[in-house]
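Listed below, chain by chain, are the residues.
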Amino acid sequence: MVVDGRKSPAAAEAVEELTRLYRELPPRPSVEEVEAAAAVLASADAEEAARLEELAREEAASSSAGQMEGVPGELLAVLREARRNAVRLRALQQRKEAAHVVELERRFKVFDDLIQRASRVVSSGEAGGGGGDGDVGVESVDLEMEVKKKEAAVAAAAAAAEMERGSKGLAALGLESKRISSLRRDVFAGSDIEKLSLIQVASLIESSAKKGTTELNLRGKLVDQIEWLPVSLGKLQDVTELDLSENRIMALPSTIGSLRYLTKLDLHSNQLINLPDTFGELSNLIDLDLHANQLKSLPSSFGNLMSLANLDLSSNMLKALPDCLGKLTNLRRLLVETNELEELPYTIGSCTSLVELRLDFNQLKALPEAIGKLEKLEILTLHYNRIKGLPTTVGSLSRLRELDVSFNEVEVIPENICLATSLVKLNLSRNFADLRALPRSIGNLEMLEELDISSNQIRVLPDSFRCLSRLRVFHADETPLELPPREVVKLGAQAVVQYMIDLNAARGTNQKKTDRGSFWAWLFSLFGCCRKDQELGLLPV
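Residues numbered from 1 in each chain as written. Predicted model: local features only at pLDDT ≥ 70, side-chain atom pairs only at ≥ 80, totals over all residues. Heavy atoms only, no water.

- Named according to an unreviewed UniProt entry, the protein chain is Plant intracellular Ras-group-related LRR protein 5 originating from Oryza meyeriana var. granulata.
- Its UniProt record gives the protein chain a comment under Sequence similarities (unreviewed entry), which states: "Belongs to the SHOC2 family."
- Under the Function (unreviewed entry) heading, UniProt states for the protein chain: "Leucine-rich repeat protein that likely mediates protein interactions, possibly in the context of signal transduction." (UniProt positions renumbered as here; feature names shortened; annotations may be inferred.)

Next up, the structure:
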């Protein structure tokens, strides 16, 4: 009611209570947070469904294989239901924060409507009463100043991204909109003060997508409870470099295939079990780091990563590489150390751009003949496998500079390895009781600087060893060398080479003497035979 141009005391009290209630409200979620929460909820639903489906497949497989035989039916049913319930509980936990944000925004919308209704009543009352400057106006101005002082710094940072919902109704009551993000602003500034929750990650994705961010670094920044990423990850279509390493991510959303401009992706030190089929859509990817995960296989679409130049698959659980690997014709560096590989696909020979191939700590028993097609290969390491021999085609690797076949079961080094005349470093150590000799033409490796034959059964170095004039490092620990003697080996690589030179020279001199003596012996024997024949009257005197 308006009396003499003024609002009644009751109306003033009502407005004052409304402003007080507004001031006591918690911070309102930003637009990015609301969108992020929706994305998290959608992702949680999809992840829950995927895990339940995976459980069903595993249970069907174990049943068909008879792995659960002997388990009572009731106990088996309880176990399966417990597994499903655990999946649902984890999903519920992941939804918790996002659901809170969505519910918070819903309640704020209700408050917006109430404020707008109140503003219409106040506005109509002021219009009917001539718009006098009563107590309500003064109170509203004072409250506005108080709110501004209290929230100016945070509100300024959030203002650019906030919606204008309910702003007219609040203005009528003399209040600033409380669009205060519940996320710490230092998250968006790249601060490392605290790790991000799932809702914060989703919000950061929304913000980065709107800004057109090209590089995003989340290395070690996710809380340990985050096992998957929201589907909104696919919105980062302008990102060219993405680092998600050193977290505990178990799965990637299928939407990752939408990051068409991505050239560098670092996922090392997570808990990835597999990759989505859409992974092969990252057609511009050049550098991919997947080491230290739990990958057991690669998707068939992996061969579509035609631009890939550097691939690190070390420290996973791979038992085989897919045949489609041969499509990666631009691949220059392939690291597959510390896996469970038993063989390489023959298609490896199609990766003709390979410069470095590291296969240490696997279960390889042999290399395919196609390895000889890698004409640009410079580094090949096979340390700690079960290889018994190298393919003869290894001699075709004319650019090979480093070869390591230590800790294997190699019995014979093929003679044509000496055609790889660019070799600088050769490690044949620790083949123990199997390796008994070096190739006779090892002297052809004139560029060789380092040679390790420790812990083998080699007793004699071949004569051509004298031609290794560049040899600077030579190890033969725990190898029963007799030629040269151990005393010479201890003097170093060049002493060994010089010994072989001197030995060969001495052999040459002795050979000449032997040949000359043999000639005269033959001549004397021939002369003696002739005299005997004369004495018998078989030849004229």
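More follows now that the structure is in view.
1. Describing the overall build of the protein chain
Then, in step 1: Along the protein chain, the regular secondary structure elements total nine helices and 14 strands.
Then, in step 2: Across the 541 residues of the protein chain, 43% fall into the buried class.
Then, in step 3: The long-range share in the protein chain, meaning contacts at least 24 apart out of those at least 6 apart in sequence, stands at 45%. (Helix = DSSP H or I, 4+ residues; strand = E, 2+ residues; numbered from the N terminus. Buried < 20%, exposed > 50% of the residue type's maximum accessible area, 1.4 Å probe, protein only. Contact = heavy atoms within 4.5 Å.)

2. Some thoughts on the sheet that holds strand 13 (residues 450–452)
Then, in step 1: Pairing in this open sheet of twelve strands is parallel, and the strands run 3-4-5-6-7-8-9-10-11-12-13-14 from one edge to the other. Two strands in the sheet have a free side with no partner beyond their single neighbour: strand 3 (215–217) and strand 14 (473–475). The mean inter-strand angle of the sheet, taken between neighbouring strand axes irrespective of direction, is 5°.
Then, in step 2: In the sheet, strand 12 (residues 425–427) pairs with strand 13 via three bridges, with the strands oriented parallel. Bridge pairing in strand 13 links K425 to E450. (Pairing = 2+ DSSP bridges. Axes fitted to C-alpha atoms, helices over the stretch in contact; angles between N-to-C directions.)

3. Points about helix 7 (residues 198–211)
Then, in step 1: Across its 14 residues, helix 7 extends 20 Å between first and last C-alpha, which sits within 8% of the 20 Å expected from 1.5 Å per residue.
Then, in step 2: Among the 14 residues in helix 7, eleven count as buried, and that is most of the element.
Then, in step 3: Listed in full, the buried residues belonging to helix 7 are L198, I199, Q200, V201, A202, S203, L204, I205, E206, S207 and S208.
Then, in step 4: Once helix 7 finishes, G212 follows within two positions and takes phi at roughly 70°, a positive value. (Expected span 1.5 Å × (residues − 1).)

4. Brief notes about helix 1 (residues 9–23)
Then, in step 1: End to end, helix 1 covers 21 Å across 15 residues, agreeing with the expected 21 Å (1.5 Å per residue, within 8%).
Then, in step 2: Every buried residue of helix 1 is accounted for by A12, V15, T19 and Y22. Looking straight down helix 1, one finds that the buried residues subtend no more than 85° of arc, so they occupy a single side. Facing away from the buried side of helix 1, by more than 90 degrees, are the exposed residues P9, A10 and E13. (Arc of directions from axis to C-beta.)

5. Considerations on the layout of surface pockets
Then, in step 1: The computed volume of the largest pocket comes to approximately 820 Å³.
Then, in step 2: If you trace the largest pocket, you find 28 residues lining it, with E47, A50, R51, E54 and A251 closest to the centre.
Then, in step 3: In terms of residue count, the dominant contributor to the lining of the largest pocket is helix 2 (residues 31–64) (ten residues).
Then, in step 4: Within the lining of the largest pocket, the residues separate by chemical class into 15 nonpolar, four polar and nine charged. (1 Å grid on protein atoms, 1.4 Å probe; cavity = no way out; pocket = protein on both sides within 12 Å on 5 of 7 lines; lining within 4 Å. Points joined across faces, edges and corners; volume = space filled by probe spheres on them. Nonpolar A, V, L, I, M, F, W, Y, C, P; charged D, E, K, R; others polar.)

6. Observations regarding the packing of helix 2 against helix 7
Then, in step 1: For the pair helix 2 and helix 7, the least separation of the axes is 8 Å and the interaxial angle reads 120°. Considering their axes alone, helix 2 and helix 7 lie oblique with respect to each other. Viewed along their axes, helix 2 and helix 7 form a crossing whose handedness is right-handed. Along the contact surface, helix 2 presents V31, E32, E33, E35, A36, A37, A39 and V40, while helix 7 presents L198, I199, A202, S203, E206, S207 and K210. (Parallel < 35°, antiparallel > 145°, perpendicular 65-115°, else oblique. Left-handed = near helix turned anticlockwise from the far one by under 90°.)

7. Details of the pattern of salt bridges
Then, in step 1: Enumeration over the complete set of coordinates arrives at nine salt bridges.
Then, in step 2: Linking R333 and E356 is a salt bridge whose minimum nitrogen-to-oxygen distance equals 3.3 Å. Separated by 23 residues along the polypeptide, R333 in strand 8 (residues 333–335) and E356 in strand 9 (residues 356–358) bring together distant segments of the chain.
Then, in step 3: The exposure class assigned to R333 is partly exposed, which follows from its relative accessible area of 35%.
Then, in step 4: Two residues, K388 and E409, come together in a salt bridge whose shortest N-O distance is 2.9 Å. (Salt bridge = Lys/Arg side-chain N within 4 Å of Asp/Glu carboxyl O.)

8. Section: the side chain of T381
Then, in step 1: Along the chain, T381 turns up in strand 10 (residues 379–381).
Then, in step 2: Only 3.2 Å separates the side chain of T381 from the side chain of D360, close enough to count as a polar contact.
Then, in step 3: Once you skip the residues sitting within four places of it in the chain, T381 turns out to touch L357, R358, L359, D360, E402 and D404. (Polar contact = N/O pair within 3.5 Å; in protein donor to acceptor, adjacent residues only side chain to side chain.)

9. Description of the nonpolar core
Then, in step 1: In this structure, L265, F279, L288, F302, L359, F465 and F474 are the most contacted members of the largest nonpolar core, which totals 102 residues.
Then, in step 2: The set of elements that each furnish at least two residues to this core consists of helix 2, helix 3 (73–128), helix 7, helix 8 (486–489) and helix 9 (493–535).
Then, in step 3: Those residues in contact with F465 that lie beyond four places of it in its chain are I442, L451, L471, F474, V496, V497 and M500. (Core = buried A, V, L, I, M, F, W, Y, C linked by side-chain atoms within 4.5 Å.)

10. A closer look at the packing of aromatic side chains
Any pair of aromatic rings gets described here by the distance separating the centres and the angle formed by the planes.
Then, in step 1: The full count for this structure, using the stated rule, is five aromatic pairs.
Then, in step 2: Centroid distance F279 to F302: 6.3 Å. Interplanar angle 0°. Geometry classified as stacked. One end of the pair, F279, is in the loop between strand 5 (264–266) and strand 6 (287–289); the other, F302, is in the loop between strand 6 and strand 7 (310–312), and 23 residues separate them in sequence. The same class applies to F279 and to F302, which are both buried.
Then, in step 3: Ring pairs connect the aromatic residues F361, Y384, F407 and F432, which therefore count as one cluster. (Phe/Tyr/Trp six-rings, centres within 6.5 Å; stacked < 30°, edge-to-face > 60°.)

11. Side note on unusual backbone geometry
Then, in step 1: Going from L483 to P484, the amide bond is cis rather than trans, its omega being 0°.
Then, in step 2: Phi is positive for A292, which is not a glycine, with a value near 60°.
Then, in step 3: One can find A292 in the loop between strand 6 and strand 7.
Then, in step 4: Residue classification places A292 among the partly exposed residues on the basis of a relative accessible area of 26%.
Then, in step 5: Even without glycine at this site, R430 takes up a positive phi of about 60°.

12. Notes on the side chain of N316
Then, in step 1: Take N316: it is sitting in the loop between strand 7 and strand 8.
Then, in step 2: With residues up to four places along the chain from it excluded, the contact list for N316 reads L290, H291, A292, N293, Q294, L295, T338 and N339.

13. A closer look at the state of the cysteines
Any covalent bond linking the sulfur atoms of two cysteines counts as a disulfide.
Then, in step 1: For the structure shown, the criterion picks out zero disulfides.
Then, in step 2: Of all cysteine sulfurs, the one in C351 lies closest to C324, which takes part in no disulfide; the gap is 9.9 Å. (Disulfide = S-S within 2.5 Å.)

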